[in-house]
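# Architecture and fold: a report
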Amino acid sequence: MAQTSRGKALASGAGAEVVGNGPPPARASGGRFSFNLRESGIYVAFALIIVLFSILTDGGLLSPQNISNIMVQNSYILILAIGMILIIIAGHIDLSVGSVVAVSGAVAAVLMVDMGMPWPPALLITLLVGALIGAWQGYWVAYFGIPAFIVTLAGMLIFRALTLTVLGNQGIGPFPDEVRTLANGFLPGFLGNVGLGPLGGADLFTLIVGLAIVAGIVGTQWRARQARLGYRQQVDALPLFALKMIAAAAVVMTVIVQLARFKNLPWVLVLLAVLVLGYTLLTNRAVFGRHIYAIGGNLHAASLSGIKVKSVTFWLFVNMGVLSALAGIIFAGRLNQAGPTAGNSFELDAIAAAFIGGAAVQGGVGKVVGAITGGLIMAVINNGMSLIGAPSERVMLFKGLVLLIAVAFDVWTKRRAGAGG
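This section reports on the structure supplied with the text. Model, not experiment: these values are computed from the prediction.

## A look at the packing of helix α5 (residues 97-114) against helix α7 (residues 148-167)
Between α5 and α7, the shortest axis-to-axis distance is 8 Å and the interhelical angle comes to 25 degrees. With respect to each other, α5 and α7 are oriented roughly parallel. As for how α5 packs across α7, the hand of that crossing is left-handed. Side by side, α5 and α7 meet where Gly98, Ser99, Val100, Ala102, Val103, Ala106 and Val110 of the first sit next to Gly155, Met156, Phe159, Arg160, Leu162, Thr163, Val166 and Leu167 of the second.

Take a look at the structure:
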C-alpha cells in the first residue's frame, strides 16, 4: 500500500499515471512532431526525387506504364539488394553478385534450352548452383578468414570467366514461356475491372491487394508501437504516427492504382513482395536476424556472447548466392536469353542501394525496406534521367553524388549523435 501511494505521488509530479515503483511511462519522443533524420530521411529524399522528376517529365514518371516498367526493369537489382543489405549489416561486402547473375543465367540456359530440361527442375538446379557458389565463398570468408572483399573480388573474376567459358561470345535462348512470364508477365484479372472516374478502369483484384497491403502496414506498425509502449520505450507522438501511416498508404495506393490501370500486378513484383516480407520478418523477429545485427555491431562481443559467428557468416553468403541465382533467372528471362555480359555492374547497383537505403559502412545498421527504397531511388533516377533525355555520363554523375551524399549523411548523423551523447 505504501509503495502504491508513493508511485502515485511520483506520477502526479510527472503528469502521468504510474502504479507502483515501476519505470516511468513511455512518451512520445522529442515533442509532438519530432523527426528522426537517420531513420526517415531516406523516405523524404525518395519523395523529393519523385516530385522533382515528375515535374521535369510533366507527369510522365508516374504514368501507369512507366511505373510498371520501373518495377519490372529493376526487379533483379532489388532482389540483389535484399541479400546485399544482410551482408553489409554483418560487416562484409560481396563484389561477385553480378558475375553470379551471369553464370546462373548461363546454367539455366544450358539446362532449359540446350538440354531441353523442364523449367521447374532447371530452376531448382540453378538455385542450387547459386547456393554452392555462396557456400564456396562463405567458406573462405567465415572459416578460412580471408576478407570478403578479396574473396568476392576473386569470385567476380572467376564466375565471369566461367560464364564466358560456357557461353563464349554468344547468347543462349529463347527461354520457356513460363520463365519469360515470371520476368515480364502480369497477373490475370480475376475479378474484372472497376471504374475510377477520370482515371478510367482498373483491375479490382489489384486494388484489393493494395488495400490489404495498406491494412497490413498500418496493423504491423500499430502493433509495434503498442509493443514499445508496453516496454516503456520512446515512440512517435500519435499525430506523427498517423501522418506517417497516411503518407505510406498514399504512396502504396498511388503505385497500386497505376499498376491496376495498366496490366495488373507484375509476377516479379509479387515475388519481390514475398521476399521483402520474408526477409523483414527474418531480420526483425528471428534469432538469426538478431545475430546478424550483433555481428555487425560488435564482432568481439557477439563471439563472447555465444553467437556462432562463422556459421552465420557462412549462411549469409549462401543466401546471397541463392538470391543472385534468382536474379540471374529473372534477368535472363526478361532478355529471353543468357548473355556473356549479363550482370555487369549489378554489384555496384546493389551495394549503392544498400548504402543509400541506410546501411552503415561499419555494419550493424540497415533494413530490408531501406535497401528496397535505395534501389528504387536508383531506379527512379535512371528512369527519370532517361525520360528527360539526359546523357549517360550525367546519369552516372547524378547517381554518384546521391551515393556520396547518402554515406556522408550517415557519417554526419553518427557524429551528431556522438556529440549529443
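Alright, that's what it looks like, and here's the rest.
## Some words on the pattern of salt bridges
The final tally for this structure, using the stated rule, is three salt bridges. Here Asp177 makes a salt bridge to Arg180, at a shortest N to O gap of 2.0 Å. Of this pair, Asp177 and Arg180 are both found in helix α8 (residues 177-184), three residues apart, which corresponds to roughly one turn of the helix. Look at Asp177 and you get partly exposed, because its relative accessible area is 48%. Two residues, Lys244 and Asp236, come together in a salt bridge whose shortest N-O distance is 2.8 Å. Using a relative accessible area of 29% as the deciding quantity, one classes Lys244 as partly exposed. Given the relative accessible area of 22%, Asp236 is considered partly exposed.

## Description of α5
A rise of 1.5 Å per residue sets the reference length of α5, with its 18 residues, at 26 Å; its end C-alpha atoms lie 24 Å apart and thus fit the reference within 8%. Counting buried positions over the 18 residues of α5 gives 14, a clear majority of the element. Positive phi appears at Gly116, one or two residues downstream of α5, with a value of about 70 degrees.

## Re the packing of helix α4 (residues 75-89) against helix α15 (residues 346-356)
Packing of α4 against α15 brings their axes to within 8 Å, and their N-to-C directions diverge by 60 degrees. One element, α4, and the other, α15, form an angle in the oblique class. Read as a crossing pair, α4 and α15 show a hand that is right-handed. Where α4 approaches α15, its residues Tyr76, Ile77, Leu80, Ala81, Met84, Ile85 and Ile88 are matched on the opposing element by Phe346, Glu347, Asp349, Ala350, Ile351, Ala353, Ala354 and Phe355. The class makeup of the residues in the contact of α4 with α15 is 13 nonpolar, no polar and two charged.

## Let's talk about empty space enclosed by the protein
Evaluation of the coordinates by the stated rule reveals one cavity of 30 Å³ or more. Quantified by volume, the largest cavity comes out at close to 50 Å³. Together, Val101, Ala102, Gly105, Ala106, Gly328, Phe331, Ala332, Leu335, Gln337, Ala338, Gly339 and Ala342 line the largest cavity. Counting only elements with at least two residues in the lining of the largest cavity, the list comes to α5 and α14 (309-335). Across the lining of the largest cavity, the residue classes break down as eight nonpolar, four polar and no charged.

## Here we look at the packing of aromatic side chains
Enumeration according to the criterion identifies 13 aromatic pairs in this entry. Arranged with centres 4.8 Å apart and planes meeting at 75 degrees, the rings of Tyr76 and Phe331 form a pair that is edge-to-face. With Tyr76 in helix α4 and Phe331 in helix α14, this pair connects stretches of sequence that are 255 residues apart. What makes Phe331 buried here is its relative accessible area of 11%. Within the aromatic cluster, the residues linked to one another by ring pairs are Trp136, Tyr139, Trp140, Tyr143, Phe144, Phe314 and Trp315. One Lys or Arg, Arg225, reaches over the ring of Phe241 and ends 5.6 Å from the middle of that ring.

## Quick word on a nonpolar patch on the surface
Together, Leu52, Leu56, Leu387 and Ile388 line one region of the surface with nonpolar side chains, adding up to about 330 Å² of accessible area. Mapped onto the fold, Leu56 is located in helix α2 (residues 37-56). Under the relative-accessibility criterion, Leu56 is labelled partly exposed at 47%.

## What about unusual backbone geometry?
Put simply, Gly173 and Pro174 share a cis peptide bond, and its omega is 0 degrees. With a phi close to 55 degrees, Asp58 is a non-glycine residue in the positive phi region. Within the secondary structure, Asp58 sits in the loop between α2 and α3 (64-73). Accessibility expressed as a relative area gives 74% for Asp58, which makes it exposed. For Arg232, which is not glycine, the phi dihedral falls at a positive 60 degrees. Along the chain, Arg232 turns up in the loop between α9 (204-230) and α10 (238-262). The exposure class assigned to Arg232 is partly exposed, which follows from its relative accessible area of 40%.

## Details of the environment of Gly364
Inspection of the secondary structure assignment puts Gly364 in the loop between α15 and α16 (368-387). When the C-alpha atoms of Gly364 and Ala90 are compared, they prove to be 6.1 Å apart, with 274 residues separating the residues in sequence.

Basis of the calculations
Residues numbered from 1 in each chain as written. Predicted model: local features only at pLDDT ≥ 70, side-chain atom pairs only at ≥ 80, totals over all residues. Heavy atoms only, no water. Axes fitted to C-alpha atoms, helices over the stretch in contact; angles between N-to-C directions. Helix = DSSP H or I, 4+ residues; strand = E, 2+ residues; numbered from the N terminus. Parallel < 35°, antiparallel > 145°, perpendicular 65-115°, else oblique. Left-handed = near helix turned anticlockwise from the far one by under 90°. Contact = heavy atoms within 4.5 Å. Salt bridge = Lys/Arg side-chain N within 4 Å of Asp/Glu carboxyl O. Buried < 20%, exposed > 50% of the residue type's maximum accessible area, 1.4 Å probe, protein only. Expected span 1.5 Å × (residues − 1). Nonpolar A, V, L, I, M, F, W, Y, C, P; charged D, E, K, R; others polar. 1 Å grid on protein atoms, 1.4 Å probe; cavity = no way out; pocket = protein on both sides within 12 Å on 5 of 7 lines; lining within 4 Å. Points joined across faces, edges and corners; volume = space filled by probe spheres on them. Phe/Tyr/Trp six-rings, centres within 6.5 Å; stacked < 30°, edge-to-face > 60°. Lys NZ or Arg CZ within 6 Å of the ring centre and 35° of its normal. Patch = residues over 30% accessible without salt bridge, like charges linked within 9 Å, V, L, I, M, F, W, Y side chains within 5 Å. Areas by Shrake-Rupley, 256 points an atom, 1.4 Å probe, with all protein chains shown as cover.

Without other data, these values stay purely geometric and don't point to any function.
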